[in-house]
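# Structural overview
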Amino acid sequence: MKGFVKNLSLIGISLYLIVPLIATLMYSLATAWSHSILPEGITLKWYGALFTDGDFIQSMVNSLLLVGGTTIAAVIIMVPAIYGIVLYFPKLEPFIKWAIIGVYTMPGIISSVGLLKAYSNSSIPMIFVVAGAYFVSILPFMYQGIRNNMRNINVVQLVEAAEILGATKMQAFTKIILPNIMPGIIVSALLSFSVLFGEFVMINILLGSNFKTIQIFLMENLKKNGHISSAIVSCYFILLALITFAILKLTMSKKGERIDELHPNQTVSKEI
């Protein structure tokens, strides 16, 4: 009975999450859908109109550059920073946690208004202000994901063992710690990328149409044509799914290659 209830709950949750996506995809392919349960016809003209629109292509490129660049920068900065805090400054962790919690307490619209007043008359380009705000907004996801992975593999003991075997802290980080926490880094980066890719408030208030992203382009088309809007949303989800699948596939293949290359009796010293 418990198994039946569990399976029924999973089916219900899956339908709750999947049905809206399927309906959106079907509406983006429908010639018309207003007088029946199913679409009256299937067409690709909405996608044809979308992919021949230069604004759509440019907004997608802008989103990928802004969000992807911010996420990569966060990974490059946060991973070594957390590694250093865990090893050298563990007493700072409570302060870091309080700072991370502080990110949640500041709504996006309030942050945007404050940033606009602070930097609107400065020489700093607003695109860098937005990137900085994005960086701060994903700190909780990056910190918690990376820190939890470091805690699971017991970073301090691994580094101490590597140093006993003759490795430096940098060698221990690049050859032992980093490969072991890579799945957590990727998950944190994908979560951050997804959150930023769907962000609308900050980019709309701080830049607006001066730097049109996919969310601003979607907002402009919501009142024009529902089929086009559904096509934009479908492309959005398909793009995120493809990026996620490609990264996870690449990660799994590299993990398999490392396992195949290592001899079962190899020790940490030989890996170093």
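For clarity, every value in this text was computed on a predicted model and none was experimentally measured.

### Quick look at the overall build of the chain
A count of helical and extended segments in the chain gives 13 helices and zero strands. Of the regular secondary structure in the chain, the N- to C-terminal order runs α-α-α-α-α-α-α-α-α-α-α-α-α. By the burial criterion, 34% of the 272 residues in the chain qualify as buried. Long-range contacts, defined as pairs at least 24 residues apart, comprise 72% of the intrachain contacts of the chain with a sequence gap of at least 6.

### So, the layout of surface pockets
Space inside the second largest pocket adds up to approximately 350 Å³. Every residue lining the second largest pocket is counted, 17 residues in all, and those nearest its centre are V103, M106, A133, S137 and M202. Where the lining of the second largest pocket is concerned, the elements lending two or more residues are α4 (93–104), α5 (108–119), α6 (126–137) and α9 (169–197). Sorting elements by how many residues they give to the lining of the second largest pocket places α6 first, with four residues.

### With respect to helix α7 (residues 139–153)
Helix length check: α7, at 15 residues, gives a terminal C-alpha distance of 21 Å against a target of 21 Å (1.5 Å per residue), a fit within 8%. For α7, the complete set of buried residues consists of L139, P140, M142, Y143, G145, I146, R147, N149 and M150.

### Structural notes on the confidence of the model for the chain
Across the chain, the average pLDDT comes to 81, with 90% of residues at or above 70. Summarising per-element confidence for the chain, the mean pLDDT is lowest in helix α13 (residues 268–271) (46) and highest in helix α3 (residues 54–88) (90). Taken as a whole, residues 261–272 scores under 50 in pLDDT and shows eleven contacts with residues more than four places along the chain or in a different chain.

### Considerations on the side chain of S230
In this structure, S230 sits in helix α12 (residues 226–261). With residues up to four places along the chain from it excluded, the contact list for S230 reads T24, Y27 and S28.

### A closer look at empty space enclosed by the protein
Overall, the coordinates contain one cavity of 30 Å³ or more when judged by the stated rule. Of the volumes computed, that of the largest cavity is approximately 40 Å³. Taken together, S63, L66, V67, Y134, L196, F197, E199 and T213 form the lining of the largest cavity. Where the lining of the largest cavity is concerned, the elements lending two or more residues are α3 and α9. A per-element tally of the lining of the largest cavity places α3 first, with three residues. Its residues assigned to classes, the lining of the largest cavity comprises five nonpolar, two polar and one charged.

### Notes on the packing of aromatic side chains
Scanning all chains against the criterion turns up seven aromatic pairs. Summarising the aromatic geometry, the rings of F51 and F56 are spaced 5.4 Å apart at their centres and angled 90° between planes, so their arrangement reads as edge-to-face. Looking at F51, the relative accessible area reads 46%, which means it is partly exposed. Where Y83 meets F173, the ring centres are 4.5 Å apart and the plane angle is 40°; that geometry is what we call tilted. Residue Y83 is located in helix α3, and its partner F173 is located in helix α9; the two are separated by 90 residues in the primary sequence. Exposure remark for F173: the relative accessible area of 9% places this residue in the buried category.

### Concerning the nonpolar core
The biggest cluster of nonpolar side chains holds 55 residues, and the ones touching the most others in it are L50, Y83, I146, M150, V155, I177 and F197. By residue number, the principal contributor to this core is α3, which donates eleven residues. When sequence neighbours within four positions are dropped, the list of residues in contact with I177 reads Y83, I153, V155, L158, V159 and A172.

### A closer look at the packing of α5 against α6
The geometry of α5 relative to α6 is characterised by a closest axis approach of 11 Å and an angle of 145° between their N-to-C directions. In terms of crossing hand, the pair formed by α5 and α6 is right-handed. Packed against α5, whose contacting residues are L115, L116 and Y119, the element α6 presents M126, V129 and A133 at the interface. Residue classes in the contact of α5 with α6 are distributed as six nonpolar, no polar and no charged.

Criteria and cut-off values
Residues numbered from 1 in each chain as written. Predicted model: local features only at pLDDT ≥ 70, side-chain atom pairs only at ≥ 80, totals over all residues. Heavy atoms only, no water. Helix = DSSP H or I, 4+ residues; strand = E, 2+ residues; numbered from the N terminus. Buried < 20%, exposed > 50% of the residue type's maximum accessible area, 1.4 Å probe, protein only. Contact = heavy atoms within 4.5 Å. 1 Å grid on protein atoms, 1.4 Å probe; cavity = no way out; pocket = protein on both sides within 12 Å on 5 of 7 lines; lining within 4 Å. Points joined across faces, edges and corners; volume = space filled by probe spheres on them. Expected span 1.5 Å × (residues − 1). pLDDT = per-residue confidence, 0-100. Nonpolar A, V, L, I, M, F, W, Y, C, P; charged D, E, K, R; others polar. Phe/Tyr/Trp six-rings, centres within 6.5 Å; stacked < 30°, edge-to-face > 60°. Core = buried A, V, L, I, M, F, W, Y, C linked by side-chain atoms within 4.5 Å. Axes fitted to C-alpha atoms, helices over the stretch in contact; angles between N-to-C directions. Left-handed = near helix turned anticlockwise from the far one by under 90°.

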